[in-house]
Structures are given as structure tokens and as C-alpha cells.
Amino acid sequence: MKGEIIHYTRDALGGILVIDYRKHRVMTFDSVFEQSKIDRRQPHLPVHEYSRAMLLPVAFVRPAHATILGLGGGVMASALLHLLPDCQVHAVELRPSVLQVAREYFSLPDSANLAITTGDARDALGKAPDRSTDLILADMYSSDRMSPTQARREFIRQCSRVLSASGWLAINYHRTPDINGPLFRQLRGEFAVLLLFKSKTNNTVIYASKRPFELLHSKDPALTHLEKNLPIDWRRLMARVIRLT
């Protein structure tokens, strides 16, 4: 089904399109790849499977503060604030024009609990105090590729530094990193437990927890409770998580 382009703008990094379909609204950067996708009737509900999977750490820890690297249409911010209204969310977005589109077309919450920084995520991480956040969701992409920052050992080290003692990191990769490579060696050195989720679109979400824990059974009542507040099929997603360490 063809969609209707309802908005188009350009900045120094390229075009930003907003496309409406019958049920959904999509943000894309001059490419066939969808940067953000929402249900137009429930904009707080992530549509992409990998976006839903990135929220799984909330089943293990209730963050008082969360950091989102790569705002896009604001899907992660909207979902977190809907699920955890008292959580302080700090989102970092490289492009001011993307932030403007998120506000105007993707129902980005106007909340006192949402702080947004426009700029480079590396700079924002470098300035963040030690142990200042409980959850980091990293989803930084340009029109056709993942930001190389997400695959660097220094990025992992900085994320580990700013996470609290019970903190979690979730990163969306366009393909699975080499589990025997330097990135995973860094992850294993910084975190107690590593998990992996493979989406149907071949995205790979890597989770890293600062503390040891036991995986939840897919029928755990905690997942049923989360499903009532944010219906994204938590149990089915959790059943597909693989423990790496």
C-alpha cells in the first residue's frame, strides 16, 4: 500500500519525510528504511519489533532515569513515559530538524520528565556524570546505516561508566556483531550478563546488565502486568531472548 507524504524537509544531513498509511505514520531519511513508525491511534505504542524488544530491560529493572541515544520520532521516549510516568527521560538527537518533526508529527510528549539534548551522543555521554542513569537505549542511524559509534569499544566503556550499579544497556544493531570480536570483549569486561534478541527484520538487539540476574519465564506474572500497561506482547518477545553470558 502506498502512503501519503504529509511532510518533507531537508537539513545539512539530508531529507526527512513523514508518510501516512492507513494505520501508521512513518519517518524516513531519504531512503527505503523506516526510522520511526507509530500507530496513529496509539502513538506511544512502538510498531517495529526491534523497538518493542529494546524495552525488555524494564521487565527486570524499574529505571528512575533513562537515556535514549537517537530520538528519531520519539517512539522510545513516548513508550517509556507511558509505561513509567515518573521516570526521568533524557533523549539525545543529533539533528534539530528531526526533533522538530517528532514534536509536530509523532506526538512526542510535552512532559516535564522529558529532557532533550540536540547534539552528538558521544559528547552527551562524555559529559554525563558517573552512575547517573539506570537505562540506556541506543538506536542511532542515518539514512542508510547504523552510526559507527555504536560499534566502538569507547562507546561501550562510556555507557558502562554512566550506568548505575543495577543499570541496563540495549543497543540496536543492523547485523549481529562478532561475538568473539573486540566489541563483545569490551561488553564482557564491563557487564555481568549479556543477552541477544534477533528481530524478524534481522536487527539484533544486544542487552547488557551490570548485575547478574535470572531470565524471566515467558509466563511470568511481571510480563502480564507490563502487557496490560503497554501491549507489545512482552511474553512472546522475552521467549526469544538468548543468554550469551
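So, how was this worked out
- Residues numbered from 1 in each chain as written.
- Predicted model: local features only at pLDDT ≥ 70, side-chain atom pairs only at ≥ 80, totals over all residues.
- Heavy atoms only, no water.
- Pairing = 2+ DSSP bridges.
- Helix = DSSP H or I, 4+ residues; strand = E, 2+ residues; numbered from the N terminus.
- Contact = heavy atoms within 4.5 Å.
- Axes fitted to C-alpha atoms, helices over the stretch in contact; angles between N-to-C directions.
- Salt bridge = Lys/Arg side-chain N within 4 Å of Asp/Glu carboxyl O.
- Buried < 20%, exposed > 50% of the residue type's maximum accessible area, 1.4 Å probe, protein only.
- Core = buried A, V, L, I, M, F, W, Y, C linked by side-chain atoms within 4.5 Å.

Student: An account of the sheet that holds strand 9 (residues 133-138) is requested, with residue identities and associated values reported.
Tutor: Read from one edge to the other, the open sheet built from eight strands follows the order 8-7-6-9-10-12-11-13, with strand pairing classed as mixed. One side of each edge strand has no neighbouring strand; the edge strands of this open sheet are strand 8 (114-118) and strand 13 (242-243). Sheet analysis places strand 7 (residues 88-93) next to strand 8, joined by five bridges and oriented parallel. For His 90, the partnering residue across the bridge sits in strand 8 and is Ala 115. This element, helix 2 (residues 75-83), spans strand 6 (65-69), strand 7, strand 8 and strand 9 of the sheet and lies at about 165° to strand 6.

Student: Before we move on, could you go through the side chain of Gln 186 and cite the residues and values that matter?
Tutor: Within the secondary structure, Gln 186 is located in helix 6 (residues 182-190). With residues near it in sequence (within four places) discarded, Gln 186 still touches Arg 153, Ile 156 and Arg 157.

Student: I'd love a proper account of the environment of Met 146, names of residues and values included.
Tutor: Considering the arrangement of structural elements, one finds Met 146 in the loop between strand 9 and helix 5 (153-162). Along the primary structure Met 146 and Asp 110 are separated by 36 residues, whereas in three dimensions their C-alpha atoms are 28 Å apart.

Student: Would you mind going over the pattern of salt bridges in detail, with residue names and values included?
Tutor: Considering all chains together, one arrives at 11 salt bridges under this definition. Asp 11 is the partner of Arg 95 in a salt bridge, and the nearest nitrogen-oxygen pair spans 2.8 Å. One end of the pair, Arg 95, is in the loop between strand 7 and helix 3 (96-105); the other, Asp 11, is in strand 1 (residues 4-11), and 84 residues separate them in sequence. By relative accessible area, which is 23% here, Asp 11 ends up partly exposed. Within this structure, Glu 49, Asp 233, Arg 236 and Arg 240 form a network of salt bridges that share partners.

Student: Residues and numbers for the nonpolar core, please.
Tutor: In this structure, Leu 55, Leu 80, Leu 137, Tyr 207 and Trp 234 are the most contacted members of the largest nonpolar core, which totals 55 residues. Broken down by element, this core gets its largest block of residues, seven residues, from helix 2. Phe 155, Cys 159, Leu 163 and Ile 206 belong to the second largest nonpolar core, which has 25 residues in total.

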